[in-house]
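An overview of the molecular structure
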Amino acid sequence: MVFYRNGDARGTVILRLLDPKPVWPALCACAALALLPACRPRNAPDQDLSGVNARGVLRFATLVRPHSYYVGAHGPEGIEYLLARNFAENLGVDLEVLTYSDSYSLQRAVARGDADIGGAQLTAEPPLTDGVQATAPYDFVPQLIVYRRGSRSPRGIAALDGRHIAVPAASYQLALLRQLRSAQLPKLSWQEFDAPHGTRHLEVLHGDRLDLALIDANVFAFVRTLYRDISVAFPLDEQRPVQWFVALSANRLRERIESYFIAIQTSGLLAQIVQRSVPGADDAELSPLELRADVLDRLPQLRPLFEQAAGENQLDWRLLAAVAYQESRWREDAVSPDGARGIMMLMPATARQLGVDDVFNIGANVKGGARYLAQLRDRLPARIAEPDRSWLALAAYNVGFGHLEDARVITQMRGGNPDRWQDVRTNLPLLARERWHTRVRRGYARGWEPVQYVDRIRRMLDVLEWYSTQPRYGESTG
């Protein structure tokens, strides 16, 4: 069982996940959340391992950051969440997630006993070490020099001397630049930017003075889709250690954490969790031959199922087929890293809500997916006409209805039409930018993904519309 709690003094909200599943091998997060009454964080006199076991709950403090913890379309995501959930399962206890607004609030929560562990891709540096102790590093994050395309790219560490670099204020990267200037680059200079999420300084790469920046590799993995004009020049030799924090008295808990990390490093589980948590490059496009083979060989068997399910939900069967192809390439046994299953990639909790008892039953899965897509479409305001209505529903199918609504709010903030797909499409990627996702209700989302998702479905729909006008195999042309 997993709980979520906002641990900041400004208020506390607890959410209980209704469909807990082991983090590995499925690594799935739950989609159904139920709001419980608010309450204050509980102080525990014993933060060591015996206290966790006696309580039956591991209280994990973290930050809402794309590379640590956030609520995605199907529930909690992020490397720190997955590691904490797996560790709690290893201990045989429930997990309670408490979120804080900054790393210092997190550190104080651990020091005063409101949390057992603190973790948010942090490094043990003062003042984060006050009143707590750090575990041995479980990861080392490369530090990247990035540059604006079209500007002069440095070809090594020596080429940074005399250059001016954008860097987050009060950060590991800032301390690293100071060390480099002191040790070997006396003409190195920089400009600090308030970037609590580690990305705002990328937005100022312009002109001749600021065309370089220093950034964590794991942060850049999340924002590179947003900054298409920024490329990696080279990584520095130094890598940032990543650690968890426990109370000064929690030696047994620290030892158990360190043993856990050694075990999952040895087994390869840590590498798989990291890979699961960091977005990869855009999906590769299928070759025309692969697509043609799927349409000609597989679709005729599936078409009756798509037609029936679409008809029951007032959908175009070709649109439903295009969604299924994007989700699973029409494979009824498909399983995604986050636990979605079947041809329409339904999460287990969502499938149950839709009345799908067997997600690998292809007919039931198609009907469930059609029903879910229709429900999303019908939740949109009645004034939204087609085809915008369908494109918006597809985006919600991918990123979640709540995040779609946040994108529509941002669209309206920026003077666009929240009922027009093209306007919302422009603003969806802003859900990954700190200056925007902090202003909406549900926070961070990989907003570029639903844009790519809808674009691919529309291309596939064009193929299927052409296909559906051709005579079926064995039929006469006249």
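Here, the structure is the one placed above.
We now turn to the structure provided with this report.

About the criteria used
Residues numbered from 1 in each chain as written. Predicted model: local features only at pLDDT ≥ 70, side-chain atom pairs only at ≥ 80, totals over all residues. Heavy atoms only, no water. Core = buried A, V, L, I, M, F, W, Y, C linked by side-chain atoms within 4.5 Å. Buried < 20%, exposed > 50% of the residue type's maximum accessible area, 1.4 Å probe, protein only. Helix = DSSP H or I, 4+ residues; strand = E, 2+ residues; numbered from the N terminus. Phe/Tyr/Trp six-rings, centres within 6.5 Å; stacked < 30°, edge-to-face > 60°. Lys NZ or Arg CZ within 6 Å of the ring centre and 35° of its normal. Axes fitted to C-alpha atoms, helices over the stretch in contact; angles between N-to-C directions. Left-handed = near helix turned anticlockwise from the far one by under 90°. Contact = heavy atoms within 4.5 Å. Nonpolar A, V, L, I, M, F, W, Y, C, P; charged D, E, K, R; others polar. Salt bridge = Lys/Arg side-chain N within 4 Å of Asp/Glu carboxyl O.

What about the nonpolar core?
In terms of nonpolar packing, the biggest core is built from 57 residues, with Leu299, Phe306 and Trp330 touching the most fellow members. Where this core is concerned, the elements lending two or more residues are helix H8 (288-312), helix H9 (317-328), helix H11 (362-379), helix H12 (388-399), helix H13 (401-413), helix H14 (421-427) and helix H16 (448-468). Counting 32 residues, the second-largest nonpolar core is a separate cluster that includes Leu49, Tyr138, Leu270 and Ile273.

Brief notes about the packing of aromatic side chains
Enumeration according to the criterion identifies 11 aromatic pairs in this entry. Consider the rings of tyrosine 69 and tyrosine 81, whose centres lie 5.9 Å apart with planes at 55 degrees: the pair is tilted. Of this pair, tyrosine 69 sits in the loop between strand E4 (57-63) and strand E5 (70-72) while tyrosine 81 sits in helix H2 (residues 79-91), placing them 12 residues apart in sequence. Given a relative accessible area of 2%, tyrosine 81 falls into the buried group. With 4.8 Å between their ring centres and 80 degrees between their planes, tyrosine 70 and tyrosine 444 make a pair best called edge-to-face. Taken together, the residues tyrosine 70 in strand E5 and tyrosine 444 in the loop between helix H15 (434-437) and H16 connect sequence positions 374 residues apart. As far as the burial class goes, tyrosine 70 and tyrosine 444 line up, both buried. Through pairs of rings, three or more aromatic residues link up here, namely Phe60, Phe87, Tyr138, Trp244, Tyr260 and Phe261. Directly above the ring of phenylalanine 401 sits arginine 379, whose terminal nitrogen or CZ lies 4.0 Å from the centroid.

Quick notes on the packing of H11 against H12
Two packed helices can be described by the angle between their axes and the distance between those axes. Taken N-terminus to C-terminus, the directions of H11 and H12 make an angle of 120 degrees; their axes are 8 Å apart at the nearest point. You can see that H11 and H12 cross each other, and the crossing is right-handed. Seen from H11, the contacting residues are Gly369, Tyr372, Leu373, Leu376, Arg377 and Asp378; seen from H12, they are Arg389, Ala393, Leu394, Ala396 and Tyr397. A breakdown of the residues in the contact of H11 with H12 according to their chemical character gives seven nonpolar, one polar and three charged.

Considerations on the pattern of salt bridges
Scanning the model with the defined rule gives 22 salt bridges in all. In this structure, aspartate 294 and arginine 329 form a salt bridge, with 2.7 Å as the shortest nitrogen-oxygen distance. Of this pair, aspartate 294 sits in helix H8 while arginine 329 sits in the loop between H9 and helix H10 (348-353), and the two are 35 residues apart along the sequence. We classify arginine 329 as partly exposed; its relative accessible area is 32%. A salt bridge links aspartate 455 to arginine 425, with the shortest nitrogen-to-oxygen separation between them at 2.5 Å. In this pair, aspartate 455 sits in helix H16 while arginine 425 sits in helix H14, placing the two residues 30 residues apart along the sequence. Judged by relative accessible area, which is 25%, arginine 425 ranks as partly exposed. Ionic contacts of the salt-bridge type, sharing partners, join the residues Arg383, Glu405, Arg408 and Asp419 into one network.

All quantities given are derived from atomic positions and should not be read as evidence of function.
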